[in-house]
Amino acid sequence: MSPPNFVSQRVGNKPTSNNTSNTSRFSLCNRNISVDGITILSEVPVNVALSPFSSLPHNSDTDSIPPHILKSVASKSKNGAFLGLSVKQAQDRILNPIGKLLNRKFLSLFRFKIWWSTISNFRSAIHPGASHGDVVLCVESGSTKVRGQKFSSCAYLHVGDNPYELMRDAFAAVRVHLGTFRLLEEKTVPKIVDKFGWCSWDAFYLTVEPVGLWHGVKSFAENGLPPRFLIIDDGWQSINMDHEPALQDSKDLTTLGSQMLCRLYRLKENEKFAKYKSGTMLRPNAPKFDQEKHDAMFKEMVALAEKKRKIKEEGGDVLALPSPKTIEFLNDDEDDRQERGGLMALVSDLKEKYQTLDDVYVWHALCGAWGGFRPGTIAGLEAKVTSAKLAAGLQNTMNDLAVDMIIEGGLGLVNPNQAADLYEAMHSYLADVGISGVKVDVIHTLEYVSEDHGGRVQLAKAYYDGLNKSLQKNFAGSGLIASMEQCNDFFFLATKQVSMGRVGDDFWFQDPNGDPMGAFWLQGVHMIHCSYNSLWQGQFIQPDWDMFQSDHICAEFHAGSRAICGGPVYVSDKVGHHNFDLLRKLVLPDGTILRCQHYALPTRDCLFENPLFDAKTLLKIWNLNKFAGVVGVFNCQGAGWYPEEHRCRAYPQCYKSISGVISADDVEWEQKDSTAVYRNTEQFAVYLHKSDNLTIVKSNEQINITLQPSSF
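On a predicted model such as this, the values are computed, not experimentally measured, just so you know. (Residues numbered from 1 in each chain as written. Predicted model: local features only at pLDDT ≥ 70, side-chain atom pairs only at ≥ 80, totals over all residues. Heavy atoms only, no water.)

Enquirer: How would you explain the overall build of the protein chain if you had to name every residue and give the values?
Expert: Counting its secondary structure elements, the protein chain contains 14 helices and 32 strands. Relative to a compact globule of 712 residues, whose C-alpha radius of gyration would be 27 Å, the protein chain shows 26 Å and is just as compact. Principal-axis analysis of the C-alpha atoms places the extent of the protein chain at approximately 80 × 65 × 55 Å. Across the 712 residues that make up the protein chain, the buried fraction comes to 58%. Surface accessibility of the protein chain: about 30,200 Å² in total, with carbon and sulfur atoms responsible for 51%. Counting 73 positive and 81 negative side-chain charges, the protein chain places the centres of these two groups 4 Å from one another. (Helix = DSSP H or I, 4+ residues; strand = E, 2+ residues; numbered from the N terminus. Rg over C-alpha atoms; globule rule 2.2 N^0.38 Å. Buried < 20%, exposed > 50% of the residue type's maximum accessible area, 1.4 Å probe, protein only. Areas by Shrake-Rupley, 256 points an atom, 1.4 Å probe, with all protein chains shown as cover. Lys, Arg positive; Asp, Glu negative; His and termini not counted. Charge placed at Lys NZ, Arg CZ, Asp CG, Glu CD.)

Put into structure tokens, the structure is as follows:
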């Protein structure tokens, strides 16, 4: 996205430009691509073509598109155009310059990690060129067996006078053209969006088990903040490694990333959960849980795994070392195995005791587990371990253990023709035992294994179609959170039914690379990702800003953003480690939240600035309530992307107090019909949360503000 270099004026509720004709506003003339006569790309190669939106046939079934979307797209068709290209020889991957972008600010949202940031057998992405200002279009199939040489619509350009309406109009046009996805406004979002929840991940990691889960829910409920949804994250599935017995749970999941080499060997829960008996936690003498004891045992397990790793690297024998212990708080009497109730009994007991717990979600990877399915273990599903290869365009993304491990172990891929059967089998079982939704993770593994499956587009379509059908049948059409999904393959192919997804990297409570200041600067990076990614991803899905920990050193910083993000609020607190005073500012006594009407987005004056490491810009995000607007201001300065190191790290020279201004004009009032009239309001009552101050200001009156690092 790039700002205008002509002056626009606000007339009433919206700015205007001088173009009033019905002809396309885009043109390709003298090797320049222009809009309203203003050059956007210069030195455009002769093999690049520009086609107005209305000149190409569209692939969608117009009967399935709401009439108001069709009408809006048709009325604004002059604002859009497609880029196409042709090459002399058919190829599976084409890197084609499309011109130079010079002397213009622009906003680029790129895949810094593998997971995060015409429909044919090809997909496309924009790359930087070797020379200053060069823009390169990468068109690729993901398979050396799928080649092409002529493409009429591999990129779409759109122009508008309002940056937020521009994004909506552009993706509405692409929705009409492709017909492979639906916009957020066409779908129902999961019920959890208006509620408070708890996720197990940061409390237990892979050692999650029934007793700890129970005491986690109990800890919140007994303090007047009952979770309305629970996410049982990674650690509940029946998985093992290729060298272990085929039908037994893995005995060693303590080495960093070890679960990423594991494959799913059965659809039901693992032994830790299977041994749960109905009523166990309802008894007066129910098992106790000690988070400190758990954490101490976990550290011992990790230390043992690290010791084994070093001995192996040195060629030593690890047989003399003790076997890792499974952290469990349930006793399992072999004589009473027939009384096991498993996941169904646990969910039933939780809902009986905590009757406001509406939803229980569980985690799974798109392909089952991190390493997919173990061949030959699940009847009716044909799986094959397939070599995984990173796409050439992703070689310079952030070094990632998950990627390394998946490439090392390959992926147990279920035959794409059985993708619908795969999800039906997984999800129908979960629905039967009381699970109402899933968090689907590790979504972009498909692009590693598309060589023999018609390329990444065809493989993705098979899996996403199966996923959407199962979501509709088993989880009320909306019970799914997408994670590690930030690539256009997912958004253009998977979102016919999927309506919620993560818009940022994980919440990291500390820097995994060891910078002690990472506990601070990583939080600012997280907020920048979520707010800017929502500009385009919010057209497809309800943005989810992820969990955080309420007792973290920057918990209030996170809480401030979640309060106005427009999505669900959930935490990953360890059991008994909570800041209830903070949570009560976010959550009502019945476990619901006061959610804004829109999703939070950066204000106009932030769109083409750098709130991470320019040492001058505050992040400002706006949202709307029914009769009011909200602006959140955050000092996120102090970190950013280091291309030469392929990672985010500190910019200590930017970690300092920053000054800026706010006003009622920062709110995009016209984005909701109910608030559009406020654009013409002369005065506003402004409440400043942190200073507890209420004042009256004029609509364009600016309020000066200075924020310390990592504050809001």
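Having put the structure on the table, let's press on.
Enquirer: Tell me about the sheet that holds strand E7 (residues 80-91), and please be specific about residues and values.
Expert: Spatially, E6-E7-E11 is the arrangement adopted by the three strands of the open sheet, whose pairing is antiparallel. With partners counted over all chains shown, the strands left at the sheet margins are strand E6 (48-52) and strand E11 (148-158), one partner each. Within this sheet the neighbouring strands show an average axis-to-axis angle of 25°, counted without direction. Relative to E11, E7 runs antiparallel, the two sharing seven bridges. (Pairing = 2+ DSSP bridges. Axes fitted to C-alpha atoms, helices over the stretch in contact; angles between N-to-C directions.)

Enquirer: Talk me through the environment of Val414; I want residue IDs and the actual numbers.
Expert: Checked against the element boundaries, Val414 lands in strand E18 (residues 411-414). A relative accessible area of 1% means that Val414 is categorised as buried. The spacing of Val414 and Trp201 is 213 residues in sequence and 27 Å in space, taken between C-alpha atoms. Apart from the residues lying within four places of it in its own chain, the contact partners of Val414 are Phe373, Leu381, Glu382, Ala383, Leu422 and Tyr463. (Contact = heavy atoms within 4.5 Å.)

Enquirer: Tell me what's going on with the confidence of the model for the protein chain, and back it up with residues and numbers.
Expert: Per-residue confidence for the protein chain averages 91 on the pLDDT scale, and 95% of its residues sit at or above 70. In this model residues 6-20 is a low-confidence stretch, pLDDT under 50, and it forms 29 contacts with partners more than four residues away in sequence or in other chains. (pLDDT = per-residue confidence, 0-100.)

Enquirer: Explain the nonpolar core residue by residue, including any values.
Expert: If you look at the biggest cluster of nonpolar residues, it comprises 171 residues, and the most contacted ones within it are Trp198, Ile232 and Tyr463. Broken down by element, this core gets its largest block of residues, nine residues, from helix H12 (residues 518-537). Once residues within four sequence positions are removed from consideration, Tyr463 is found in contact with Leu366, Cys367, Leu413, Val414, Pro416, Ala419, Leu422, Tyr423 and Leu446. Among the nonpolar cores identified, the runner-up in size contains 23 residues, and Leu41, Ile98, Phe122 and Phe151 belong to it. (Core = buried A, V, L, I, M, F, W, Y, C linked by side-chain atoms within 4.5 Å.)

Enquirer: Could you give an account of the packing of aromatic side chains, naming the residues involved and the relevant values?
Expert: Within the structure shown, the criterion is met by 33 aromatic pairs. Ring plane angle 80° and centroid distance 5.7 Å describe the contact between Phe204 and Phe289, whose orientation is recorded as edge-to-face. Separated by 85 residues along the polypeptide, Phe204 in helix H3 (residues 201-204) and Phe289 in the loop between helix H5 (271-274) and helix H6 (291-313) bring together distant segments of the chain. Among the residues examined, Phe204 registers a relative accessible area of 1% and is labelled buried. Assessed through its relative accessible area of 13%, Phe289 is described here as buried. One aromatic cluster is present, built from ring pairs that chain together Phe171, Phe181, Tyr464, Phe490, Phe491, Phe492, Trp536 and Phe540. Positioned above the aromatic ring of Tyr642, the side-chain terminus of Arg649 is 4.1 Å from the ring centre. (Phe/Tyr/Trp six-rings, centres within 6.5 Å; stacked < 30°, edge-to-face > 60°. Lys NZ or Arg CZ within 6 Å of the ring centre and 35° of its normal.)

Enquirer: Residue-level account of the pattern of salt bridges, with values.
Expert: Taken as a whole and assessed by the stated rule, the structure comprises 38 salt bridges. Between Asp242 and Arg263 there is a salt bridge, with its nearest N and O atoms 2.9 Å apart. In this pair, Asp242 sits in the loop between strand E14 (237-240) and strand E15 (263-269) while Arg263 sits in strand E15, placing the two residues 21 residues apart along the sequence. Among the residues examined, Arg263 registers a relative accessible area of 1% and is labelled buried. For Asp666, the salt bridge is made with Lys620, and the minimal N-O distance between the two is 3.1 Å. Residue Asp666 is located in the loop between strand E29 (658-662) and strand E30 (683-688), and its partner Lys620 is located in strand E25 (residues 619-624); the two are separated by 46 residues in the primary sequence. Considered together, Asp666 and Lys620 belong to a single accessibility category, that of buried residues. (Salt bridge = Lys/Arg side-chain N within 4 Å of Asp/Glu carboxyl O.)

Enquirer: Any chance you could break down unusual backbone geometry for me, citing the residues and the numbers?
Expert: Peptide bonds are trans in most cases, and residues, glycine excluded, mostly fall at negative phi. Phi at Arg31 is positive, roughly 65°, even though this residue is not glycine. Examined against the element boundaries, Arg31 turns out to sit in the loop between strand E3 (26-29) and strand E4 (32-35). Taking the relative accessible area as the measure of exposure, Arg31 reaches 30% and is therefore partly exposed. The backbone of Ser710 shows a phi angle near 55°, a positive value even though the residue is not glycine. For Ser710, the position within the fold is in the segment after strand E32 (703-707). Residue classification places Ser710 among the buried positions, given a relative accessible area of 16%.

Enquirer: Can you lay out the side chain of Ser200 for me, pointing to particular residues and giving the numbers?
Expert: For Ser200, the location among the structural elements is in the loop between strand E12 (196-199) and H3. On the accessibility criterion, Ser200 (0% relative accessible area) is buried. Apart from residues lying up to four places away in sequence, Ser200 is in contact with Tyr205, Val208, Leu213, Ile231, Ile232 and Asp233.

Enquirer: Any details on the environment of Glu556? Residues and values, ideally.
Expert: Counting through the fold element by element, Glu556 comes out in helix H13 (residues 555-564). On a C-alpha basis, the gap between Glu556 and Phe712 in space is 8.6 Å, while along the polypeptide they are 156 residues apart. The residues contacting Glu556, other than those within four sequence positions of it, are Leu582, Lys585, Lys690 and Phe712. In terms of polar contacts, Glu556 uses its side chain to reach the side chain of Lys690, at 3.3 Å. (Polar contact = N/O pair within 3.5 Å; in protein donor to acceptor, adjacent residues only side chain to side chain.)

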